[in-house]
Amino acid sequence: MDLEKLQTTLDELRQPTYRFKQIKLAIYRDLKEEFDAIDNIPQALRQKLNQALPFDELTLKSEQKSRDGSGKNLCFTQDDLAIESVLIKHGDGSRTVCVSTEAGCQINCSFCATGHSGFKRVLTQYEIVEQVLWFARTLKTTGEKVTNVVFMGMGEPFLNYDNVRNAILLLNDKDGLNLGQRRISVSTSGIIPGIERFGDEDWQVNLAISLHAPSNGLRSQLMPINRTYPLEKLMSALDAYVAKTNRRLMIEYLLLGGTNDSTRNADALADLIHSYKEVLRLSVVNLITYNPTRDSDGQWDKFRAPRPGALRAFEEILTKREIAWTRRVSFGGDISGACGQLAGEVNSEE
Ligand code: SF4
């Protein structure tokens, strides 16, 4: 639901001011799925609203369920662009939705299915929030709730800053989904102006940086954005962010077998983090193992998962060098819902 269009329509229909809040609560708190289901507004108004504006900004085209209980939704915007979002079910009962912020992506990381699918446009705040709503509606049928939202799907959130910011505020709004700020995380490929602006926000939303390489040469190969915002400038911006906010920083490191998973890479990563005292003080490296993807011709891509021995050696070095790290369990690999895999199959279906 586009709330601005709703407000305009209610004004045109000369409705009392409380109607807007009534309908907003019905959508986000009660998770109603159509105007006709909002039974505390007059039936005549429901009919007029049905004619005046669409209830949903996105149309759900397909839902895939993974063996591990995770799910992936494929939705279409009103201008027919495919976007994907993922639900991750954790053993502790938390339910995390990973949302897309753009249809496609402008960053073009070499390991990423989304980057290969090309950029279409940024998503509106309502298209972003509605991805969470679709999962919230499904979870409601089993008495469950969305507990966390991560901005880690298709797109670079900081190239769509205003809409991402408004989406966060709506997720956090007590008349919206009422999700705690600490339960929301935004992941960037390293857009320094976005990191600076994020650090100026008066909120507790988490920041994650997709680092993926400890040197400029390797990082520029994997992530062309590194040529615009090289590592030394990026790390200084992150150091300043942590110093200013005193908030923990997640450093995402996607391990690509034979590319960035050597013991030399692990030592270089530890050296890099040790060079920035604020980052060292309050960051955690999140190790993610790569899931190979197929392109639209069914060919496997050029990257592979790290070998178990390489992964263990990498972890041992980080431990020895006193770098805080965790390993993200990769969810939903069988439905291409894991990191870097969104969008490959959407486009091949078309
Ligand atoms: S990894 Fe993220 S930033 Fe890079 S191309 Fe994919 S979606 Fe864009």
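**Q** Looking at this structure, I do not really get the overall build of the chain. What am I missing?
**A** A count of helices and strands for the chain gives 13 helices and 12 strands. Relative to the globule expectation of 20 Å for 350 residues, the C-alpha radius of gyration of the chain, 21 Å, shows essentially globular dimensions. Reported as C-alpha extents along the three principal axes, the dimensions of the chain are approximately 70 × 45 × 35 Å. For the chain, buried positions account for 55% of its 350 residues. A separation of at least 24 residues holds for 65% of the contacts in the chain among residues at least 6 apart in sequence. Roughly 15600 Å² of accessible area belongs to the chain as shown, and the carbon and sulfur atoms make up 47% of that amount. Charge-centre separation for the chain: the mean point of 43 positive side chains lies 4 Å from the mean point of 46 negative side chains.

**Q** Would you mind going over the site of the ligand with me for this structure?
**A** In the neighbourhood of the ligand, the contacting residues comprise C105, I107, N108, C109, F111, C112, T114, G115, G153, G155 and S189. Counted by class, the shell around the ligand contains five nonpolar, six polar and no charged residues.

**Q** What am I meant to see in the packing of aromatic side chains here?
**A** Each aromatic ring pair is described using two quantities: the centre-to-centre distance and the angle formed by the ring planes. Under the criterion given, the structure shown has seven aromatic pairs. Ring centres 4.9 Å apart and planes at 90 degrees place the aromatic pair F35 and F55 in the edge-to-face group. Here F35, found in the loop between α2 (18-28) and α3 (43-52), pairs with F55, found in the loop between α3 and β1 (59-65); they are 20 residues apart in sequence, far enough to count as distant. By the burial criterion, F35 is buried, and F55 matches it. Site record: aromatic cluster; members linked through ring pairs are F158, Y161, F198, W203 and Y241. In this structure, R137 packs its charged tip against the face of W134, placed 4.7 Å from the ring centre.

**Q** Is there a simple way to explain the confidence of the model for the chain in this structure?
**A** Note: predicted coordinates in regions of low pLDDT should not be interpreted at a detailed level. Per-residue confidence for the chain gives a mean pLDDT of 91; residues scoring 70 or more make up 92%. Contacts of residues 335-339 to residues separated by more than four positions or lying in other chains number 22 contacts, the stretch itself having pLDDT below 50.

**Q** I tried to follow the environment of M1 on my own but got confused; where do I start?
**A** With respect to the element layout, M1 can be found in the segment before α1 (3-12). Taking the C-alpha atoms as reference, M1 lies 5.4 Å from F55; in sequence the two are 54 residues apart. Ignoring any residue separated from it by four or fewer positions in sequence, one finds M1 in contact with L6, I27, Y28, F35, L53, P54, F55, D56, E57, Y126 and E130.

**Q** What's the story with the environment of L53 in this structure? I'm lost.
**A** Counting through the fold element by element, L53 comes out in the loop between α3 and β1. Look at L53 and you get buried, because its relative accessible area is 6%. Setting aside anything within four residues of it in sequence, one finds L53 in contact with M1, D2, K5, L6, T9 and F35.

**Q** Would you mind showing me how to read unusual backbone geometry here?
**A** Note: most residues except glycine have negative phi, and most peptide bonds are trans. The backbone phi angle of N178 is positive, close to 55 degrees, even though this residue is not glycine. Take N178: its relative accessible area is 51%, and that puts it in the exposed class. A positive phi angle, near 60 degrees, is found at N246, a position not held by glycine. The residue N246 is located in the loop between α9 (231-245) and β10 (249-255) in this model.

**Q** Looking at this structure, I do not really get the domain arrangement of the chain. What am I missing?
**A** Interface extent is often summarised as the accessible area lost during association of the parts. Split by domain assignment, the chain resolves into domain 1 (1-55) and domain 2 (57-349). Taking the mean C-alpha position of each, domain 1 and domain 2 sit 34 Å from one another. Counting from both sides, the interface comprises 17 residues of domain 1 and, opposite them, 15 residues of domain 2. Here domain 1 and domain 2 share an interface that buries about 1400 Å² over both sides, 54% of which is from carbon and sulfur atoms. Among the residues domain 1 hides against domain 2, the three largest losses belong to K24, Y28 and L31. Together they make up 40% of the total. Where domain 1 meets domain 2, there are two salt bridges. Residue D175 is joined to K21 by a salt bridge in which the shortest nitrogen-to-oxygen separation is 3.9 Å. Across the domain 1-domain 2 interface, the total number found is four residue pairs in polar contact (both at pLDDT 80 or more). Contributing elements (two or more residues each) for the side of domain 1 that touches domain 2: α1 and α2.

**Q** Which parts of the structure should I look at to understand the nonpolar core?
**A** In globular proteins that are soluble, nonpolar side chains generally tend to be buried together. F111 and F151 are the most contacted members of the largest nonpolar core, which totals 100 residues. Residue contributions to this core peak at nine residues, all from helix α5 (residues 125-140).

**Q** Quick question: what am I supposed to make of helix α10 (residues 263-274) here?
**A** Three- or four-residue spacings in an α-helix give side chains the same orientation, since the helix completes a turn every 3.6 residues. If you check α10, its first and last C-alpha atoms are 16 Å apart, about what 12 residues at 1.5 Å a residue would give, namely 16 Å. Those residues of α10 hidden inside the fold are in contact with α8 (216-222), α9, β10, α11 (277-282), β11 (283-289) and α12 (308-320).

**Q** What is the right way to read the pairing of β1 from this model?
**A** Successive side chains on a regular strand alternate, one facing one side of the sheet and the next facing the other. Here six bridges tie β1 to strand β2 (residues 71-76), and the two strands are oriented antiparallel to one another. Opposite E63, over in β2, you have N73 as the bridge partner. Linkage of β1 to β2, two consecutive antiparallel strands, is achieved through a turn of five residues, within which G69 is found at a positive phi near 95 degrees.

The rules we used
- Residues numbered from 1 in each chain as written.
- Predicted model: local features only at pLDDT ≥ 70, side-chain atom pairs only at ≥ 80, totals over all residues.
- Heavy atoms only, no water.
- Helix = DSSP H or I, 4+ residues; strand = E, 2+ residues; numbered from the N terminus.
- Rg over C-alpha atoms; globule rule 2.2 N^0.38 Å.
- Buried < 20%, exposed > 50% of the residue type's maximum accessible area, 1.4 Å probe, protein only.
- Contact = heavy atoms within 4.5 Å.
- Areas by Shrake-Rupley, 256 points an atom, 1.4 Å probe, with all protein chains shown as cover.
- Lys, Arg positive; Asp, Glu negative; His and termini not counted.
- Charge placed at Lys NZ, Arg CZ, Asp CG, Glu CD.
- Near = heavy atom within 4 Å.
- Nonpolar A, V, L, I, M, F, W, Y, C, P; charged D, E, K, R; others polar.
- Phe/Tyr/Trp six-rings, centres within 6.5 Å; stacked < 30°, edge-to-face > 60°.
- Lys NZ or Arg CZ within 6 Å of the ring centre and 35° of its normal.
- pLDDT = per-residue confidence, 0-100.
- Domains from an automatic or database assignment.
- Buried area = accessible area lost by both parts, 1.4 Å probe.
- Salt bridge = Lys/Arg side-chain N within 4 Å of Asp/Glu carboxyl O.
- Polar contact = N/O pair within 3.5 Å; in protein donor to acceptor, adjacent residues only side chain to side chain.
- Core = buried A, V, L, I, M, F, W, Y, C linked by side-chain atoms within 4.5 Å.
- Expected span 1.5 Å × (residues − 1).
- Pairing = 2+ DSSP bridges.

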